[in-house]
Amino acid sequence: MPLDPAFIGRSYPPSQPYDVSREKIREFADAIGATSPAYRDADAAKALGHGDVIAPPTFAIVVSMKTNETVMFDPELELDYSRVVHGDQNFTHHRPITAGDQLVSTTHIDAITSRMGNDMVTVRTEISTVGGEPVTTAKSMLVVRGEDA
């Protein structure tokens, strides 16, 4: 059954705060093979004008993924997660994610389209500090494969 386009424009409540730590940043940098000293060494990051260690740009997926689950498992949307593949991902950074940040995410459904028996859901997650400072806008497109796909 195709997803209901009436969900376009739906927003979900903000997430619980995510505490960004130096260790989480280091673990993520190690996992993706990112070698910048600014990801591990506070002095190197400060020499670049940052207050502390900064996260690789794709670290935002760690913060946004949990919030995106509210869309994927929204019982009213009736999205069959067993049929979902990740179609696209992009980030617009307003400033680097920094160790010591407390971040909250708010997720929105921006689009639902159907093509060739597949549904595409565009999800936008606004990541900000608990004080409201914009940090990153994450956009992802989920493809829900049709019955015959």
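Since the structure is predicted, the reported quantities are computational estimates derived from the model, not experimental observations.

Undergrad: I keep staring at the overall build of the protein chain and nothing clicks. Help me out?
TA: A tally of helices and strands in the protein chain yields 3 helices and 5 strands. Along the protein chain, helices (α) and strands (β) appear in the sequence β-α-α-α-β-β-β-β when read from the amino end. For the protein chain, the C-alpha atoms occupy an extent of roughly 55 × 30 × 20 Å along the three principal directions. Counting the 149 residues in the protein chain, one finds 40% classified as buried. In the protein chain, of all internal contacts separated by at least 6 residues, the share reaching a separation of at least 24 is 69%. When the accessible surface of the protein chain is split by element, carbon and sulfur atoms take 54% of a total near 8,000 Å². If you average the places of the 13 positive and of the 21 negative side-chain charges in the protein chain, the two averages end up 4 Å apart.

Undergrad: Is there a simple way to explain the packing of aromatic side chains in this structure?
TA: Given two aromatic rings, one states the distance between the centres and the angle between the planes to describe the pair. One pass over the full model with this rule turns up 3 aromatic pairs. A ring pair is formed by Tyr-18 and Phe-59, whose centres lie 6.3 Å apart and whose planes are at 65°; its orientation type is edge-to-face. One end of the pair, Tyr-18, is in strand E1 (residues 18-19); the other, Phe-59, is in the loop between helix H2 (42-47) and helix H3 (60-72), and 41 residues separate them in sequence. In this structure Tyr-18 comes out as partly exposed when scored by relative accessible area, which is 23%. A network of ring pairs unites the aromatic residues Tyr-18, Phe-28 and Phe-59 as a single cluster.

Undergrad: Explain the environment of Ala-29 here, please?
TA: Among the secondary structure elements, Ala-29 is positioned in helix H1 (residues 22-32). Discounting residues that sit within four places of it in the chain, Ala-29 has contacts with Ala-34, Tyr-39, Arg-40 and Pro-56.

Undergrad: So what exactly am I meant to see when it comes to the sheet that holds strand E2 (residues 84-93) here?
TA: By way of backbone hydrogen bonds, the strands of a sheet pair with one another, either parallel or antiparallel. The sheet built from 5 strands is open, its strands ordered E1-E3-E4-E5-E2 with antiparallel pairing. Here the strands that pair on one side only, and so sit at the sheet edges, are E1 and E2. H3 rests against E1, E2, strand E3 (102-115), strand E4 (118-129) and strand E5 (134-144) of the sheet, and its axis sits at about 55° to E3.

Undergrad: What am I meant to see in the nonpolar core here?
TA: With 20 residues, the main nonpolar core has Val-20, Ile-25, Tyr-39, Phe-59, Ile-97, Leu-103 and Ile-127 as its most contacted residues. Listing elements by their share of this core, those giving two or more residues are H1, H2 and H3. Looking at which element gives the most residues to this core, the answer is H1, with 3 residues. With 14 residues, the next largest nonpolar core counts Met-72, Val-121, Val-123 and Leu-142 among its residues.

Undergrad: Looking at this structure, how should I read the UniProt feature "domain: FAS1-like dehydratase" (unreviewed entry) in the protein chain?
TA: Taking the UniProt record as the reference, the feature "domain: FAS1-like dehydratase" (unreviewed entry) is found at residues 6-137. In residues 6-137, the share of helix is 23% and the share of strand is 32%. The end C-alpha atoms are 23 Å apart.

Undergrad: How should H3 be read in this particular structure?
TA: In an α-helix, one turn spans 3.6 residues; hence positions three or four apart end up facing the same way. The terminal C-alpha atoms of H3 lie 18 Å apart, and with 13 residues this matches the ideal 18 Å at 1.5 Å per residue to within 8%. The sharpest bend along H3 comes to roughly 35°, located at Lys-66. By the burial criterion, the buried members of H3 are Ala-60, Val-63, Ser-64, Thr-67, Asn-68, Val-71 and Met-72.

Conventions adopted
- Residues numbered from 1 in each chain as written.
- Predicted model: local features only at pLDDT ≥ 70, side-chain atom pairs only at ≥ 80, totals over all residues.
- Heavy atoms only, no water.
- Helix = DSSP H or I, 4+ residues; strand = E, 2+ residues; numbered from the N terminus.
- Buried < 20%, exposed > 50% of the residue type's maximum accessible area, 1.4 Å probe, protein only.
- Contact = heavy atoms within 4.5 Å.
- Areas by Shrake-Rupley, 256 points an atom, 1.4 Å probe, with all protein chains shown as cover.
- Lys, Arg positive; Asp, Glu negative; His and termini not counted.
- Charge placed at Lys NZ, Arg CZ, Asp CG, Glu CD.
- Phe/Tyr/Trp six-rings, centres within 6.5 Å; stacked < 30°, edge-to-face > 60°.
- Pairing = 2+ DSSP bridges.
- Axes fitted to C-alpha atoms, helices over the stretch in contact; angles between N-to-C directions.
- Core = buried A, V, L, I, M, F, W, Y, C linked by side-chain atoms within 4.5 Å.
- UniProt positions renumbered as here; feature names shortened; annotations may be inferred.
- Expected span 1.5 Å × (residues − 1).
- Bend = angle between axes of the 7 residues up to and from the residue.

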